[in-house]
Amino acid sequence: MHILVHDLDEKIAIYQDAILESGSYLLEKNYITPDYISACINREKQYPTGLLMNNGMGIAIPHANYQLVKSDSISLVRSTKGVIFGQMEDANLMVSCQLIFNLALATSDQHLSILKRLFTLFQDESFVNKCQQSNCPQTQELIIQQLNI
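Presented here is an overview of the structure given in this document. (Residues numbered from 1 in each chain as written. Predicted model: local features only at pLDDT ≥ 70, side-chain atom pairs only at ≥ 80, totals over all residues. Heavy atoms only, no water.)

**Quick word on the overall build of the chain**
Link 1 in the chain: Within the chain one finds five helices and five strands.
Link 2 in the chain: Taken from the N to the C terminus, the helices and strands of the chain come in the order β-α-α-β-β-β-β-α-α-α.
Link 3 in the chain: Its C-alpha atoms give the chain a radius of gyration of 14 Å, near enough to 15 Å, the size a compact globule of 149 residues would have.
Link 4 in the chain: Partitioning the intrachain contacts of the chain with sequence separation of at least 6 by distance along the chain shows that 70% fall at a separation of at least 24.
Link 5 in the chain: The centroid of the 10 positive side-chain charges in the chain is displaced by 3 Å from the centroid of its 15 negative side-chain charges. (Helix = DSSP H or I, 4+ residues; strand = E, 2+ residues; numbered from the N terminus. Rg over C-alpha atoms; globule rule 2.2 N^0.38 Å. Contact = heavy atoms within 4.5 Å. Lys, Arg positive; Asp, Glu negative; His and termini not counted. Charge placed at Lys NZ, Arg CZ, Asp CG, Glu CD.)

Structure representation (structure tokens):
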């Protein structure tokens, strides 16, 4: 499993650009096919992945068909301003997301397993705060440790 962590350019405010940016890091490493990025954007239109956490923090977990993934990876992009995503529970509601975990997982079993673990971690304010405030290498190491990968 590969974990990539980057800070978004603060001009990025819409989910399409955030997914494009997070996907570009995966594509650069050859972890995904080029079609993966547009598949993520298209999927987000129909099935939004924004989550509004209890502490008011927004987290998004865009993903696409596992058949477009070459190597299991997560590209986390962080935004201090937030990027607007539709809410998972209600596509008509929007949420400003500071953490965008782009999940590129090659099997559906792996996808469900990682999703469950991430949902548990998202409930831990300490984990979320560290993901936001630590530098990129520290955040990468934290995610690897917490997901036990």
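**A closer look at the pairing of strand β4 (residues 73–86)**
Link 1 in the chain: In terms of burial, β4 is a largely internal element, eleven of the 14 residues being buried.
Link 2 in the chain: With six bridges joining them, strand β1 (residues 2–7) and β4 adopt parallel strand pairing. Looking at the pairing, D7 lines up with R78 of β4.
Link 3 in the chain: Pairing of β4 with strand β5 (residues 94–104) involves ten bridges; the strand directions are antiparallel. Paired with S73 across the bridge in β5 is A104. (Buried < 20%, exposed > 50% of the residue type's maximum accessible area, 1.4 Å probe, protein only. Pairing = 2+ DSSP bridges.)

**Notes on the side chain of Q98**
Link 1 in the chain: In this structure, Q98 sits in strand β5.
Link 2 in the chain: Ignoring sequence-local partners within four residues, the contact set of Q98 consists of M57, G58, V77, R78, S79, T80, K81, G82 and Q132.

**Some words on the sheet that holds β4**
Link 1 in the chain: One open sheet accounts for five strands, arranged β1-β4-β5-β3-β2; its pairing is mixed. A single partner strand is all that each edge strand has here, and the edge strands are β1 and β2 (50–52). Neighbour-to-neighbour, the strand axes of this sheet turn through a mean angle of 25°, independent of strand direction.
Link 2 in the chain: Sitting on the sheet, helix α2 (residues 35–46) touches β2, β4 and β5, and the angle it makes with β5 is about 140°.
Link 3 in the chain: Lying over the sheet, helix α4 (residues 125–133) contacts β3 (58–60), β4 and β5, oriented at roughly 85° with respect to β5. (Axes fitted to C-alpha atoms, helices over the stretch in contact; angles between N-to-C directions.)

**Some thoughts on the side chain of S75**
Link 1 in the chain: Looking at where S75 falls in the secondary structure, it is placed in strand β4.
Link 2 in the chain: The exposure class of S75 is buried, given its relative accessible area of 0%.
Link 3 in the chain: Of the polar contacts made by the side chain of S75, one reaches the backbone oxygen of S22; its length is 2.9 Å.
Link 4 in the chain: When residues no more than four places from it in sequence are discounted, the contact partners of S75 are L4, S22, Y25, L26, I100, F101 and N102. (Polar contact = N/O pair within 3.5 Å; in protein donor to acceptor, adjacent residues only side chain to side chain.)

**With respect to helix α3 (residues 108–122)**
Link 1 in the chain: With 15 residues, α3 extends 21 Å from end C-alpha to end C-alpha; this agrees with the ideal 21 Å at 1.5 Å per step.
Link 2 in the chain: Looking only at α3, the buried set comprises H111, I114, L115, L118, L121 and F122. Mapping the buried residues of α3 onto a view down its axis gives an arc of 125°, with all of them on the same face. Seen from the open side of α3, the exposed residues pointing more than 90 degrees away from its buried face are D109, K116 and T120.
Link 3 in the chain: Looking at the packing, one finds that the buried side of α3 touches β2, β3, β4, β5, α4 and α5 (136–147). (Expected span 1.5 Å × (residues − 1). Arc of directions from axis to C-beta.)

**Describing the packing of α4 against α5**
Link 1 in the chain: The interhelical angle for the contact between α4 and α5, taken along N-to-C directions, is 150°, at an axis separation of 8 Å. Relative to α5, the element α4 lies roughly antiparallel. Judged by residue contacts, F127, K130 and C131 of α4 engage T139, L142, I143 and Q146 from α5.
Link 2 in the chain: Looking at side-chain class alone, the contact of α4 with α5 contains four nonpolar, two polar and one charged residues. (Parallel < 35°, antiparallel > 145°, perpendicular 65-115°, else oblique. Nonpolar A, V, L, I, M, F, W, Y, C, P; charged D, E, K, R; others polar.)

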